[in-house]
Amino acid sequence: MSERPPISPRSPRAALEPEQVPPPPKRSERARNPFVIVGNAIFTLLIILMIGAGTTYYYGRQTLESPGPLLEDKIVNIPARAGKRDIADVLQREGVINVNPWIFIGSVYALKASSDLKPGEYSFQKNASLRDVIATIVEGKVVQHAITVPEGLTSEQILSRLSDNDIFTGSVREIPREGTLLPETYKFPRGTTRDQVIQRMQQAQKRVLAEIWERRNADTPLKSPDQLVTLASIVEKETGRADERSRVAAVFVNRMRQKMKLQSDPTIIYGLVGGKGTLGRPIKRSEITQPSPYNTYVIDGLPPGPIANPGRASLEATANPARTRDLFFVADGTGGHAFTETYDQHAKNVAKLRTMEKQIQNDTVEPADDQPPAAATAPASADTSPTATTPPKPTNQKKPPRGGRQGAAQQTNVPPVVQR
């Protein structure tokens, strides 16, 4: 058993004094190296940065991929020259995004789309994520508005429709030449200038006209594409039925071959009102023979230019008319026309139409109120004059001339001539 060292007695004062702590060991020369110190600091910083980057990536991805607040598809207009903050405000105001604008801006930078945001009208899908919203604006796939231009309108009428449509901007300095615009359905983004619309319609017309002219019937008497457009515009105004266009065209082509006047009512109207398109009243008999460069009851052959903008179908029908000998047609009262080769047959069809119109007119007249018995009004007399309700029979009534307005085209949708 080992012996313990003897305990030397200490005074109370000495017992209260702390024992002397041995000095800490000295750091090695390597630990005191400045490069080691800097390296340790950098390593620690890198760890902190990695942890921060990982956290940022996780929450950033969650922000980008999470479904957005839209409850249904919505169209939003991003104005021109709008900055990133402006775009964020618009999207937030329209309910497309529900994040802080600075988060939107940070996401734009993160996706490297800072310089690719394009103005325009965009359609955002229901619950579109922030990534989808930014991608939609970057791709620039703006909403396309379908605009339908009906066949048979004049250039002035088409321009009026474009002026009334608020998706277009700017103005057109002059009315396009008649027959140079192709009626069709086009798609344009909001903000397209009206000059651009006109240019696109003119380019489409040139392309279609060139294709149809190449496929035309070689026997046609038309000498140029311009003549094709002119006659097609008359065909367009004469009928709206697809199954009649080629036959109506054949009537006018046959008349041209036989050096007959075309005698088309729409040419009278265009000679009177020009690009306005509609007369707004019946044609007067005096206007049928009124001299005009467009009045085909007066001039020989085609008018100097189109009277409207014909569609593709009328151009096709005019370039390849039906093979018939028809020289006349008149409305049949059912929405179509009756075609004939001789004037006598045509006159019979006209008489049949007039009888039908008179019958319809009689059927639509409202019955007069019941009259009181004659005894209650005045005693009858054998020598009394006709009453006011019994108009006298017309005397010395003039009959229309045999050849009056019996040309190629007569329709029910054209008001009857007013005799003068």
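Heads up: the structure comes first, above all this text.
Notes on the structure follow. Everything quoted here is computed from the prediction, not taken from an experiment.

1. Some thoughts on the packing of aromatic side chains
- One pass over the full model with this rule turns up seven aromatic pairs.
- Plain terms: the ring middles of Phe 329 and Phe 339 are 5.5 Å apart, the flat faces sit at 35° to each other, and that makes the pair tilted. A residue pair is termed long-range when its members are at least 10 positions apart, and Phe 329 in strand 5 (residues 328–331) and Phe 339 in strand 6 (residues 337–340) qualify at 10 residues. With respect to class, Phe 329 is no different from Phe 339; both count as buried.
- An aromatic cluster is defined as three or more aromatic residues linked by ring pairs; in this entry it consists of Phe 168, Tyr 186 and Phe 188.
- Sitting above the plane of the Trp 213 ring, Arg 216 keeps its charged end 3.8 Å from the centroid.

2. Examining helix 5 (residues 130–139)
- Within helix 5 the residues assigned to the buried category are Leu 130, Val 133, Ile 134 and Ile 137. Seen end-on, helix 5 carries its buried residues on one side only, within an arc spanning 95°.
- Phi turns positive, to about 70°, at Gly 140, one or two residues after helix 5.

3. Focus: the pairing of strand 4 (residues 185–189)
- A one-sided burial pattern is seen for strand 4, the buried positions being Tyr 186 and Phe 188 and the unburied ones Thr 185, Lys 187 and Pro 189.
- Across five bridges, strand 3 (residues 144–148) lies against strand 4 in antiparallel orientation. Residue pairing across strands places Ile 147 opposite Tyr 186, the latter belonging to strand 4.

4. Let's talk about the nonpolar core
- Judged by nonpolar contacts, the single largest core of 42 residues is most densely connected at Ile 158, Phe 168, Met 201, Leu 228, Leu 231, Phe 252 and Leu 315.
- Looking at this core, the elements with two or more residues in it are helix 6 (155–164), strand 4, helix 7 (194–214), helix 8 (225–238), helix 9 (245–257) and helix 12 (312–319).
- The leading source of residues in this core is helix 7, at eight residues.
- With sequence-adjacent residues up to four places away left out, Ile 158 is seen in contact with Val 149, Leu 153, Leu 181, Met 201 and Asn 309.
- Formed by 24 residues, the second largest nonpolar core is a distinct cluster that contains Leu 91, Phe 104, Leu 117 and Ile 134.

What counts, and at which threshold
Residues numbered from 1 in each chain as written. Predicted model: local features only at pLDDT ≥ 70, side-chain atom pairs only at ≥ 80, totals over all residues. Heavy atoms only, no water. Phe/Tyr/Trp six-rings, centres within 6.5 Å; stacked < 30°, edge-to-face > 60°. Helix = DSSP H or I, 4+ residues; strand = E, 2+ residues; numbered from the N terminus. Buried < 20%, exposed > 50% of the residue type's maximum accessible area, 1.4 Å probe, protein only. Lys NZ or Arg CZ within 6 Å of the ring centre and 35° of its normal. Arc of directions from axis to C-beta. Pairing = 2+ DSSP bridges. Core = buried A, V, L, I, M, F, W, Y, C linked by side-chain atoms within 4.5 Å. Contact = heavy atoms within 4.5 Å.

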